[in-house]
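In case you want the letters, here they are:
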Amino acid sequence: MGKTLAVLLSTLVAGSLHAGDIVGKVAFEEAPPKQAVLRMDADKVCKAAHKEPQRSEEVVVNANRTLKNVLVYVKEGLGARKFDPPASQVKFDQIGCIYVPHVVGIQTGQELIVVNSDPTLHNVHSLSKENPQFNVAQPKKGMTLTKKFEKPEVFKVKCEVHTWMGAYIGVFNHPFFAVTGNDGTFTLPKLPAGEYTVEAWHEKYGTQTAKVKVDAAGKATVDFKYAAK
C-alpha cells in the first residue's frame, strides 16, 4: 500500500513538473458574412462616442480568414487536479456602449471587475444558469462592480438599456483557456503531459472538439475550422 501511494505521488509530481503547450488557430472557410450595423441613435452619448458606424461582433472574420472571439479550452483530461485562482482581476469594461472584451474567460474564484467607462447609464445583466444571476445598474462613469463565480459555464451578459450590447463570459475551474484575437490563434500553455479533449466555442456557430496529446516540455497543435450555418 505504501509503495503504491509513493508511486502515485511520484507520478503526480512528475506530471506537474513536465508541461507542454497546445497551440492552434480557428479558420473560417467561407466568405465573411456581413456584419450588422449597431443602431445607437437612442442614446446621444453612445452615438457621439464613435466617428464611424459600429458593427456587430457576433461574427468577426479576420483578414487572414480566421475567426475572432472563439473561446478555446480544455474540456476533458485534467482529472481531479485542483488549480488555485489567480490573484489578478479580469477587466470587463463598457466603452462607447460596447462591452470590451466581447468574449472573456475567467477562472472559478477569480475576481471579475466590471467597469462603466461611459458617462451614461448601463446595467449589467448576467444570464448565467450555474452561477447566481446579477442585474446591476451603473449610472455613472467610473463605477465598478466585482464578482466571482464558483461553477464552470459560458453565459451571456446584456444591457437592457442599450439592446445592442451583448457579450459572453466563460468560467472554468482551471487556467487552460484562451480567446482568439485578430489573428485567430490561441495558446493553452504549460499543460501537464497527457491526453486532452479541447473544445472551441463560438456564440453563433457552436462548439467543436478535438483530441490532442501533450508531451512533456513539448508543443501540440490543434486547429479548428468553422463555416457559416
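Residues numbered from 1 in each chain as written. Predicted model: local features only at pLDDT ≥ 70, side-chain atom pairs only at ≥ 80, totals over all residues. Heavy atoms only, no water.

Turning our attention to the overall build of the protein chain. A tally of regular secondary structure across the protein chain gives 2 helices and 17 strands. Taken across its 229 residues, the protein chain has 44% of its residues classed as buried. Here the contacts in the protein chain between residues at least 6 apart in sequence split such that 64% fall between residues at least 24 apart. With the model as given, the accessible surface of the protein chain reaches about 12400 Å², and the carbon-plus-sulfur share is 53%. The protein chain carries 29 positive and 23 negative side-chain charges, and their two centres are separated by 1 Å. (Helix = DSSP H or I, 4+ residues; strand = E, 2+ residues; numbered from the N terminus. Buried < 20%, exposed > 50% of the residue type's maximum accessible area, 1.4 Å probe, protein only. Contact = heavy atoms within 4.5 Å. Areas by Shrake-Rupley, 256 points an atom, 1.4 Å probe, with all protein chains shown as cover. Lys, Arg positive; Asp, Glu negative; His and termini not counted. Charge placed at Lys NZ, Arg CZ, Asp CG, Glu CD.)

Another aspect to go through is the sheet that holds strand E4 (residues 98-100). Pairing in this open sheet of 4 strands is mixed, and the strands run E4-E3-E6-E9 from one edge to the other. Both outer strands of the open sheet, E4 and strand E9 (144-148), are each paired with one neighbouring strand and no more. Within the sheet, the average angular offset between the axes of one strand and its neighbour, ignoring direction, is 20°. Note that strand E3 (residues 90-95) and strand E6 (residues 111-116) share 5 bridges and pair parallel. When the sheet's bridge partners are listed, Asp93 is paired in E6 with Val115. (Pairing = 2+ DSSP bridges. Axes fitted to C-alpha atoms, helices over the stretch in contact; angles between N-to-C directions.)

Take the environment of Pro189 next. Structurally, Pro189 can be placed in strand E13 (residues 185-192). In this structure, the C-alpha to C-alpha distance between Pro189 and Gly20, residues 169 residues apart in sequence, is 6.6 Å. In this structure, Pro189 is in contact with Gly20, Asp21 and Phe176, ignoring residues within four places of it in sequence.

For soluble globular proteins, nonpolar side chains are generally found buried alongside one another. Ile22, Leu67, Phe186 and Phe224 are the most contacted members of the largest nonpolar core, which totals 26 residues. The contacts of Ile22, once residues within four sequence positions are left out, are Phe186, Thr187, Leu188, Leu191, Val198, Val212, Val214, Ala220 and Val222. Among the nonpolar cores identified, the runner-up in size contains 24 residues, and Val90, Tyr99, Val104 and Val171 belong to it. (Core = buried A, V, L, I, M, F, W, Y, C linked by side-chain atoms within 4.5 Å.)

This next bit is on the state of the cysteines. Enumeration according to the criterion identifies 1 disulfide in this entry. No disulfide involves Cys159; its nearest neighbouring cysteine sulfur is the one of Cys97, lying 7.8 Å away. (Disulfide = S-S within 2.5 Å.)

Mapped onto the secondary structure, Lys151 falls in the loop between E9 and strand E10 (153-158). A relative accessible area of 45% means that Lys151 is categorised as partly exposed. Separated by 42 residues in sequence, Lys151 and Gly109 have C-alpha atoms that sit 8.9 Å apart. Once residues lying within four places of it in the same chain are set aside, the contact partners of Lys151 are Thr108, Glu130, Asn131 and Val171.

Okay, the confidence of the model for the protein chain next. Summing up the model confidence of the protein chain, the mean pLDDT is 92 and the portion of residues at 70 or higher is 92%. Below a pLDDT of 50 lies the segment residues 1-17, which in the model reaches 2 contacts outside its immediate sequence neighbourhood of four places, other chains included. (pLDDT = per-residue confidence, 0-100.)

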